[in-house]
Structures are given as C-alpha cells and as structure tokens.
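Report on the structure
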Amino acid sequence: MTDDTATAVDDPAGETRLPTADTLGTLAVCWREPSEELRTAVESDAIAWLDESEAAVDLDELRVEYTRLFIGPGPEQCPPYESVYRDGDHDDEQSVGPVYGPATQAVARWYAEYGLELRDSRSAPPDHIATELEFAAYLAATEDDDTLEQFLDEHPRTWIEPFAARLRENDPGPFYRAIIERTIEVLTR
C-alpha cells in the first residue's frame, strides 16, 4: 500500500481533484471486518491521517466494535449497505430499507459492466461500503474522471450522510469516528 495522504482537494485552478485509487482502497480496508491487513495499513502509515488514539488498533477490540456497530443484533446496528439507506420508507427518518434492495442491484450492474464479481457468494452484499470503495478505487485506477464521478454520485455519495448520522448516534469508538469523517471528507470534496 502506498502513502494515503492525498485526498480530494481543490487545486489552484479551481477544479476539484477526485480521490486517488490508493485513498479509496485504503478506506475500503478500514470498512472491512478488522484484519491483519488493517493492522498492516495502520503500522505502515498508509492511514497517516489517524491521530495516535485513533491509530491504537487492537484487532480484538476493533472486532467487538465492528460487530456491535455493523453486524448486531440490536438497536445500535448501523448496516454498512447502501440499500438500507436508500430503499427504506423515506417518510420515516428511522426507517431502514431491505438488504439486497434495488440499490444493491444497481451497484451490482456497475460491477458486471466492468466484468467484476464478488470474490465468493458468501461475501457481503455488493452494496457494502467497503465494496463500493474498492470499486471506486478500481475506477480511479482504470477509468476517466467522469466515470468515477458518475459512480460516486450514483452510489456512495447518495447514502454516506445517513449512514454517518446513524453511526454517530451509536457512539463509535475513536477509530470508526475517524474513519467515517475521513470517508465523508474524501467523498464529498
């Protein structure tokens, strides 16, 4: 993994640069279930923007936090799937949509258009935040800026704010607080 200090920023010419493949790929690692890959990213300074308390990664503690926040059960669950935030009853802010809803199918069509598929059938749904960020990293590395921008506009940018709000309501620890803020920063610039 390479240095992940680059983000979407305004350049002197007044144009916004899109996030790099490295930035998006590193964020994807952060949103997966905590693993040695995450520990390696933190120890190698690939996630140099974390402060000391946020970077204190104990995998066992992070796995407990990940389970509490993203897997459940319980009212604190913050499903990391686009369909949950886009396919629910929009009249009720607390309402969540189904996993594998229409938004899931829409993002899966993007992957299929590029000949990509999930690693195995038991993996998370295609609209998991990490999978969407991995795909965005792929687009950043292989496609033009307009294609990346279109994907970001159609998918992660449409649901990152309600996901972040739900996550914040459930008092995440320092690591996930930093990751959600960084993800918003990268996606919305």
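What comes next is a walk through the structure. Source: prediction; values computed, not measured.

**Examining the packing of helix 1 (residues 21–31) against helix 9 (residues 174–188)**
Packed helices, taken two at a time, are described by the angle their axes make and the gap between the axes. Put simply, helix 1 and helix 9 touch, their axes get as near as 11 Å, and they point 150° apart. The orientation of helix 1 relative to helix 9 falls into the category roughly antiparallel. Relative to helix 9, the crossing made by helix 1 is left-handed. In this structure, helix 1 contributes Thr23, Leu24, Leu27, Cys30 and Trp31 to the contact, and helix 9 contributes Phe175, Tyr176, Ile179, Ile180, Arg182, Thr183, Val186 and Leu187. For the contact of helix 1 with helix 9, the residue count by class is 10 nonpolar, 2 polar and 1 charged.

**Focus: the environment of arginine 189**
Position of arginine 189 relative to the elements: it lies in the segment after helix 9. A C-alpha to C-alpha distance of 8.7 Å links arginine 189 and proline 19, two positions 170 residues apart in sequence.

**Re helix 2 (residues 36–43)**
All of the buried residues along helix 2 are Leu38, Ala41 and Val42. Buried residues of helix 2, viewed axially, fall in a sector of 95°; they line one side. Each element contacted by the buried residues of helix 2 is listed here: helix 1, helix 3 (59–71) and helix 9. Just past helix 2, the residue aspartate 45 takes up positive phi, approximately 65°.

What counts and what doesn't
Residues numbered from 1 in each chain as written. Predicted model: local features only at pLDDT ≥ 70, side-chain atom pairs only at ≥ 80, totals over all residues. Heavy atoms only, no water. Axes fitted to C-alpha atoms, helices over the stretch in contact; angles between N-to-C directions. Helix = DSSP H or I, 4+ residues; strand = E, 2+ residues; numbered from the N terminus. Parallel < 35°, antiparallel > 145°, perpendicular 65-115°, else oblique. Left-handed = near helix turned anticlockwise from the far one by under 90°. Contact = heavy atoms within 4.5 Å. Nonpolar A, V, L, I, M, F, W, Y, C, P; charged D, E, K, R; others polar. Buried < 20%, exposed > 50% of the residue type's maximum accessible area, 1.4 Å probe, protein only. Arc of directions from axis to C-beta.

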